[in-house]
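# Chain and residue survey
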Amino acid sequence: MPPFQKILVPVDGSSTSTKALDYALQLARDNHSQVRAMHAIDELGYLSGYEFSGELMATARKNASEVLQKAVLAAQAQGVALDTHLIDQPGQRLGQTVADEAANWGADLVVVGTHGRRGVGRVLLGSGAEQIVRMSPVAVLTVRGD
């Protein structure tokens, strides 16, 4: 039995998340594991002042679908089984969204890209990877970006 049978990878289209996806696909190929690429849309991130923009959300959903389709193509190129899940839950932190998805899907590993920011940069920009590490119910492998 492979050490990690179900690998969850949050993707956002950045080079860092693409690197994490590539690593997850390699692990899956070597261990005959399943991979799920997930993308979370947070509607609060698309509010303009107090006014909600439906057009911005439509664009966000379209971009998310494109990011997930690229993950599918990357997996097909490596001969790895991959499914996708688009999560649209307003107001939930990324770490909680990923933790919930890992638990609901039965993942036993989360692979996430990290920029490796420290100090003020991390405080000002936050760290999605750090949230995921703290909240995940399963092991988390962080992959440092370029």
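Rules and cut-offs
Residues numbered from 1 in each chain as written. Predicted model: local features only at pLDDT ≥ 70, side-chain atom pairs only at ≥ 80, totals over all residues. Heavy atoms only, no water. Axes fitted to C-alpha atoms, helices over the stretch in contact; angles between N-to-C directions. Helix = DSSP H or I, 4+ residues; strand = E, 2+ residues; numbered from the N terminus. Left-handed = near helix turned anticlockwise from the far one by under 90°. Contact = heavy atoms within 4.5 Å. Nonpolar A, V, L, I, M, F, W, Y, C, P; charged D, E, K, R; others polar. Salt bridge = Lys/Arg side-chain N within 4 Å of Asp/Glu carboxyl O. Buried < 20%, exposed > 50% of the residue type's maximum accessible area, 1.4 Å probe, protein only. Pairing = 2+ DSSP bridges.

## Observations regarding the packing of helix 1 (residues 15-31) against helix 2 (residues 54-78)
- Packing of helix 1 against helix 2 brings their axes to within 10 Å, and their N-to-C directions diverge by 35°. Crossing geometry of helix 1 relative to helix 2 is assigned as right-handed. From helix 1, Leu 21, Asp 22, Leu 25, Gln 26 and Arg 29 reach across to helix 2, where they touch Ala 71, Ala 74, Ala 75 and Gln 78.
- Grouping the amino acids of the contact of helix 1 with helix 2 by side-chain chemistry returns 5 nonpolar, 2 polar and 2 charged.

## Points about the pattern of salt bridges
- Taken as a whole and judged by the stated rule, the model has 4 salt bridges.
- Between Arg 36 and Glu 101 there is a salt bridge; the shortest N-O distance is 2.8 Å. Taken as a pair, Arg 36 in strand 2 (residues 34-41) and Glu 101 in helix 3 (residues 94-105) lie far apart in primary sequence, 65 residues in all. We note that Arg 36, like Glu 101, is buried.
- In this structure, Asp 88 and Arg 61 form a salt bridge, with 2.5 Å as the shortest nitrogen-oxygen distance.

## Some thoughts on the environment of Leu 94
- Within the fold, Leu 94 resides in helix 3.
- Taking C-alpha positions, Leu 94 is 9.7 Å from Met 135, a pair spaced 41 residues apart along the chain.
- Aside from chain neighbours lying at most four places away, what touches Leu 94 is Ala 40, Gly 128, Gln 131 and Ile 132.

## Structural notes on the sheet that holds strand 5 (residues 82-88)
- The sheet built from 5 strands is open, its strands ordered 5-2-1-6-7 with parallel pairing. Strand pairing shows two members of the sheet lacking a second neighbour, strand 5 and strand 7 (139-144), which therefore form its edges. Neighbour-to-neighbour, the strand axes of the sheet open up by a mean angle of 25°, direction not taken into account.
- Here 7 bridges tie strand 2 to strand 5, and the two strands are oriented parallel to one another. Bridge pairing in strand 5 links Val 35 to Leu 82.
- The strands that helix 2 touches are strand 2 and strand 5; relative to strand 5, the one it contacts most, it runs at about 165°.
- Across the sheet, helix 5 (residues 128-135) is in contact with strand 1 (6-10), strand 6 (109-114) and strand 7; its angle to strand 6 comes to roughly 160°.

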